[in-house]
Amino acid sequence: MDGAEILKGIDVRVPEGEITCVVGPSGAGKSTLLRAVNRLIEPTEGEVYLAGTPTSEIDPLELRRRIGMVFQLPALFGETVEDAVLYGLRLRGGKKADAGELLEKVGLDPSLKERDPQDLSVGQQQRVSVARALALDPEVLLMDEPTSSLDEAARRRVEDLTQELNERSGLTILLVSHDLSQVERVADRVVLLVEGRSEGEWGKEEFLSGKVDNEKAKRFVHGELE
Amino acid sequence: MGLEGLGTVATALLALGLVAVAVALSLYERLGLQGDIGVAVVRSFVQLTAIGFVIQFVFGLENIGYVALLLAGMVAFGGWTSSRRAEGVPRAFVLATAAIGVAAVVTVGLLLLLQIVPPTARYLIPLGGMVIGNSMNTASLTMSRIRDDVSEQRLKVEAALALGATSRQAVSPILKASLRSAMIPIIDSTKTVGLVFLPGAMAGMIIGGADPLEAVRLQIVVMYMLLGSVSIAAILVGLLSYRSFFTPRHQLRASLLK
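What comes next is a walk through the structure. (Residues numbered from 1 in each chain as written. Chains lettered and ligands numbered in written order. Predicted model: local features only at pLDDT ≥ 70, side-chain atom pairs only at ≥ 80, totals over all residues. Heavy atoms only, no water.)

1. A look at the pattern of salt bridges
What the rule picks out here adds up to 20 salt bridges over all chains. Close ionic contact of Arg 35 of chain A with Glu 158 of chain B constitutes a salt bridge, the shortest N to O distance being 2.8 Å. Highlighted residues: Arg 35 of chain A in helix H1 (residues 30-37) and Glu 158 of chain B in helix H7 (residues 154-162), drawn from two different chains. In this pair, the class of Arg 35 of chain A matches that of Glu 158 of chain B, namely buried. Beyond isolated ion pairs, a larger network of salt bridges with shared partners links Glu 152, Arg 155, Arg 156, Glu 159, Asp 179 and Arg 185 of chain A. (Salt bridge = Lys/Arg side-chain N within 4 Å of Asp/Glu carboxyl O. Helix = DSSP H or I, 4+ residues; strand = E, 2+ residues; numbered from the N terminus. Buried < 20%, exposed > 50% of the residue type's maximum accessible area, 1.4 Å probe, protein only.)

The structure is reproduced here in structure tokens:
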């Protein structure tokens, strides 16, 4: 494995059909945790399970099609929005899908599919990147601070979309956030990471109330842990 | 050979007066280049004189084996130079040497096979030198470009991997861009040859008293040979070096990124 040890003593459960938010001070290893789930990085030890199967036993390419990911920035490919949405599907030259339908799923006008992705606002582009992940019909969606580059209005739209996807189709979502008000709006459950260790998992209300038996969690909720 | 040969070369030093112009400009405009110019003048004199004697020596041996040996040495030196410029690319020396070597063997080999040039030291050493020099530059450019772009476009590469792309699929836009930038200079100079400039080989032959049409024939061979060898070197070094930045499980090697 390359570089320093970033995560240690991680024991996190992500219940099916829920939105689990990963929070923690910067440098806590939140993004690293997400990348260990779809194996963009290889854990030196330990195991990630997907629906009971160790992910190390799943072909990484297959695994990443079953686990979608949305990044801090959209990073769209292709000359049209349609190309961008269907990128993952076309990698295998497999089944056809309707880009317009996928755009509707993320609250965008289907007629946008002919446009150059770069002509869209960053908020729209980010929703296209969600549609691109949905095109592969994933079991789990990883979201790595998906609203950190968006303005307030665009941020709200992505948050609403996140909740909708979860409620409408029961999509399991693991979302990294640095923003407690966002956690309050979208999370079902919260996982706190500090210096690469998981401090615990709580229901959203319990965690945000600060009435938890974990000193670091209390300090984090009160903004004393940066 | 010997002292007489050195005397011949030494008359070139009369052209040092022209270097004085460059030094004067550097001093007058405070470019700070006079040190570099000095090093360049001394190195070029020593290196060219040395290779002149080596080539003359190999000519005297009339043995194609020594020609091959000399060219192999040039390939290794080219690989080494290239790898120094592509710092941070794992196994750059091996990759560059392999790419330059294959480019040289294929192109020069084809010229021999088709009997476009005779198998003599007089042709093989200068032609081989040109192929090796150009392939070396291409290998350096391609490797450094891939190294820089993978770091700069890390997000895009990861986004593609996260959608189930293989390393090759994820790196494909970077690979294309680096191959293009490595090949465009030679394509451009092939387009403008004869209009804007007369290349060194052709100019040299004409000055040396060769028939201009014979000089043109050889120059055409040289241009096509360089196009071929640069393409071979770029593709080989590109396809070999991008792999170093990924694990077999299609993961970026973060420790190699800047």
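2. Some points on the pairing of strand E8 (residues 197-203) of chain A
Residue and element names in this part refer to chain A. Here strand E7 (residues 189-194) pairs with E8 via six bridges, running antiparallel. Bridge pairing links Arg 189 to Gly 203 in E8. Hairpin geometry of E7 and E8 is characterised by an intervening segment of two residues between the two adjacent antiparallel strands and by a positive phi of about 50° at Glu 195. (Pairing = 2+ DSSP bridges.)

3. Concerning the packing of aromatic side chains
Residue and element names in this part refer to chain B. Within the structure shown, the criterion is met by four aromatic pairs over all chains. Relative to Trp 80, the ring of Phe 77 lies with its centre 5.8 Å away and its plane at 35°, an arrangement referred to as tilted. Taken as a pair, Phe 77 and Trp 80 lie in helix H4 (residues 64-85) at a separation of three residues, close to a single helical turn. Accessibility expressed as a relative area gives 40% for Trp 80, which makes it partly exposed. (Phe/Tyr/Trp six-rings, centres within 6.5 Å; stacked < 30°, edge-to-face > 60°.)

4. A few points about the interface of chain A and chain B
A common way to state how big an interface is: give the accessible area lost once the parts meet. Contacts between the two partners involve 27 residues from chain A, matched on the other side by 19 residues from chain B. Interface area for chain A against chain B, summed over the two sides, is near 2000 Å², with a carbon-plus-sulfur share of 59%. There are two salt bridges connecting chain A and chain B. Counting every contact that joins chain A to chain B gives seven residue pairs in polar contact (both at pLDDT 80 or more). Contributing elements (two or more residues each) for the side of chain A that touches chain B: helix H2 (60-66), strand E4 (67-70), helix H3 (81-91) and helix H5 (122-134) of chain A. With four residues, the top contributor of residues to the side of chain A that touches chain B is H2 of chain A. (Contact = heavy atoms within 4.5 Å. Buried area = accessible area lost by both parts, 1.4 Å probe. Polar contact = N/O pair within 3.5 Å; in protein donor to acceptor, adjacent residues only side chain to side chain.)

5. Examining the nonpolar core
Across soluble globular proteins, nonpolar side chains show a tendency to be buried alongside one another. Judged by nonpolar contacts, the single largest core of 96 residues is most densely connected at Val 85, Val 128 and Phe 207 of chain A. For this core, the leading source of residues is H3 of chain A, giving seven residues. Residue contacts for Phe 207 of chain A: discarding those within four places in its chain leaves Val 23, Leu 180, Val 190, Leu 192, Trp 202, Val 212, Ala 217, Phe 220 and Val 221 of chain A. Formed by 28 residues, the second largest nonpolar core is a distinct cluster that contains Ala 104, Val 108, Leu 179 and Met 183 of chain B. (Core = buried A, V, L, I, M, F, W, Y, C linked by side-chain atoms within 4.5 Å.)

6. Topic: the packing of H4 of chain B against helix H5 (residues 92-113) of chain B
Residues and elements named next belong to chain B. Close contact between H4 and H5 brings their axes to 8 Å; oriented N to C, the two are set at 135°. Relative to H5, the element H4 is oriented oblique. Where H4 crosses over H5, the two elements pack in a sense that is right-handed. The residues of H5 that touch H4, namely those facing Val 75, Ala 76, Gly 78, Gly 79, Trp 80, Ser 82 and Ser 83, are Ala 92, Phe 93, Ala 96, Thr 97, Ile 100 and Gly 101. (Axes fitted to C-alpha atoms, helices over the stretch in contact; angles between N-to-C directions. Parallel < 35°, antiparallel > 145°, perpendicular 65-115°, else oblique. Left-handed = near helix turned anticlockwise from the far one by under 90°.)

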